[in-house]
Structure formats: structure tokens, C-alpha cells
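# Observations on chain architecture
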Amino acid sequence: MGFLDSVSTGAVPHPRRTVIYGADGLGKTTWAAKVFDNPILLPAEDGHLDVDVPAGRQLKTAQEVCEAAYEVSQSDSYDTVILDTLDWAEHLIGKWISESKIDTDYGKGALVIEQRMKLILEQLDRCRDSGKNVIAVAHAKKETYTHPNGKSWDTFGLDLSRRTQTLVAEWCDELLFCERDYTTKEVEQNFGRKQNVGVDRKQVLLHTEAKPYFNAKHRSPRLAPVYDLYDPQSYRGDLENE
């Protein structure tokens, strides 16, 4: 069959490559364990131990992460693969570079980290190609963004090295940022002074679209800009109504 014989129109349903990131302790891994069916978790750290999700032994090297992802890609036992977390997987890469005494001068180290992270993403792509949804959990870090007009401000991004951060953001279908929903209220102090104090609304927001203070994206026309992290089925319902 020629290329033109394969042409089709319309959105094509396919397994998702999702990256969810934010501060620690928000419930990112719990969300990842609930949003899609029949998950298995590949632990590059031990933050999943209080989450009810099938998981193997903790992976101690980047090579073990690759091998575990490949093994899952060849299995029909699971429908969703969760890597927890991307930044700890990068830490394992950095550990391997240090132990191998690889020359990291003049940006060579960043290039090697990017290349090794590509190997991990390639194995996760194998999982996706076998029909599995892929979710990568990551932490957030605050950094300074400088606009081409010269103005700068603080923003949140993936807690990864610069090259890897760009690689992962381009790779995924959805880049989701989560944060606690805070507001402020004015409180009267002594001598008639007033002060703004933070108020926790007891909700964690899951953002699908970027704002000046964080990066996010999605490729689905039906996703809303924000969801409740504790209601993963609302997110999934919109995603599957394409």
C-alpha cells in the first residue's frame, strides 16, 4: 500500500503520553494510578509506597529503568505504565555519568544526559506503541524566565536539566501542572493595620494550559483549562470524548 492509500481524516484515538508535575505531596502519583485502567508503576524512587498501585522493585540505575519499560512493553498484563519520577530517573543518569568518569566539560555532560533520557523515552514509546497509556510523574522547580523583550519573572517548570526539560515537554501529548488552590484575605491587625494572609481552599488544581508562572500544554480539543486533581475521571471523561 502506498502512502497516499493510507491517508485519513479526523482525530485518531491513541494511547496518551502524559507528564504530570508539581510540588511534592500533592497527589500526583495517586492521580496517575487512578486516571487510566490497569496501571503498573516503574519506581525510580520510593514516593509511591503509600499509594495503592502495582509496582515492581525500586530501579537503581537508568539501565534498569530502560529494561523495566521494555519488559512491560512486551507484556499484555497492564494497560498503563507510570514512571515515578522523571527527575529521579535523570538523577540516576547523572549518577552513572559520575561513576563512569565521563568528560562533562563544555556542555558534554548535558548532552549525555539528554541522550540517555532519550533512551528511556524510547522505551516508554514502545509501551505506547503496544497500546499502553504512559504517564511520567515529575517534580517542579522555580526558575527565572526571560522574555525576548528583556523582562523577567519567576515561573515553574519540570525539575530537569534544561535540555532534558525541553526534550520531555516536546515528547509528551499532555504536560500537566498541579498546584494547591490558595487565595488571600485581608485581616485587620493592631492599630487598624490590615494585612493579606493566605487561605488554603483545600483543593489541588490540575492545569492543562500554560500561564506566565508555569508551563503546560495539551493536544486534545476537549480538555478544559483546569481540573480538580482529586477527580481524575472528569479529566479522563473529557479526554475520551474526542
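First things first, this report covers the structure right here in the doc. From a predicted model like this one, the values you see are computed outputs, not experimental measurements.

This paragraph deals with the packing of helix H1 (residues 28-35) against helix H6 (residues 232-239). Relative orientation of the contacting elements H1 and H6 amounts to 50 degrees, with a least axis distance of 9 Å. Our classification of the angle between H1 and H6 gives oblique. The hand of the H1/H6 crossing is right-handed. Taken together, the residues of H6 that come into contact with H1 (itself represented by Trp31, Lys34 and Val35) are Pro232, Gln233, Tyr235 and Arg236. Of the residues assigned to the contact of H1 with H6, the class counts are four nonpolar, one polar and two charged.

Our focus in this paragraph is unusual backbone geometry. At the junction of Asp84 and Thr85, the peptide bond is cis and its omega measures out at 0 degrees in the coordinates. For Thr85, the location among the structural elements is in the loop between strand E3 (80-84) and helix H3 (86-100). One non-glycine residue with positive phi stands out, namely Asn38, at about 50 degrees. Note on placement: Asn38 falls in the loop between H1 and strand E2 (39-43). For Asn38, a relative accessible area of 35% translates into the label partly exposed.

Moving on, we get to H6. All of the buried residues in H6 are Pro232, Tyr235, Arg236 and Leu239. Each buried residue of H6 lies within a common arc of 95 degrees when the element is viewed along its axis, so the set occupies one face.

A separate point is the pattern of salt bridges. Overall, the coordinates contain eleven salt bridges when judged by the stated rule. In this structure, Lys142 engages Asp154 in a salt bridge whose closest nitrogen and oxygen atoms are separated by 4.0 Å. Of the two residues, Lys142 is situated in strand E4 (residues 133-146) and Asp154 in strand E5 (residues 152-158); the sequence distance between them amounts to twelve residues. If you follow the salt bridges from partner to partner, you end up with Arg17, Asp125, Arg128, Asp173 and Arg219 in one network.

A word on the pairing of strand E1 (residues 17-22). Of all six residues making up E1, six are buried, and the element is well covered by its neighbours. In the sheet, E1 pairs with E4 via six bridges, with the strands oriented parallel. Bridging from a neighbouring strand, Arg17 pairs with Val134 of E4.

This next bit is on the environment of Ile82. On the secondary structure map, Ile82 appears in strand E3. By relative accessible area, Ile82 is classed as buried at 0%. Each C-alpha atom, one on Ile82 and one on Asp105, is 33 Å from the other, the two residues being 23 residues apart in sequence. In this structure, Ile82 is in contact with Ala32, Ala33, Pro39, Ile40, Leu41, Leu42, Val53, Ile135 and Val137, ignoring residues within four places of it in sequence.

Attention now moves to a nonpolar patch on the surface. Taken together, the side chains of Phe3, Leu4 and Val7 present a nonpolar region at the surface, about 400 Å² in accessible area. Mapped onto the elements, Leu4 comes out in the segment before E1. Exposure remark for Leu4: the relative accessible area of 69% places this residue in the exposed category.

What counts and what doesn't
Residues numbered from 1 in each chain as written. Predicted model: local features only at pLDDT ≥ 70, side-chain atom pairs only at ≥ 80, totals over all residues. Heavy atoms only, no water. Axes fitted to C-alpha atoms, helices over the stretch in contact; angles between N-to-C directions. Helix = DSSP H or I, 4+ residues; strand = E, 2+ residues; numbered from the N terminus. Parallel < 35°, antiparallel > 145°, perpendicular 65-115°, else oblique. Left-handed = near helix turned anticlockwise from the far one by under 90°. Contact = heavy atoms within 4.5 Å. Nonpolar A, V, L, I, M, F, W, Y, C, P; charged D, E, K, R; others polar. Buried < 20%, exposed > 50% of the residue type's maximum accessible area, 1.4 Å probe, protein only. Arc of directions from axis to C-beta. Salt bridge = Lys/Arg side-chain N within 4 Å of Asp/Glu carboxyl O. Pairing = 2+ DSSP bridges. Patch = residues over 30% accessible without salt bridge, like charges linked within 9 Å, V, L, I, M, F, W, Y side chains within 5 Å. Areas by Shrake-Rupley, 256 points an atom, 1.4 Å probe, with all protein chains shown as cover.

Just distances and angles here, no functional claims.
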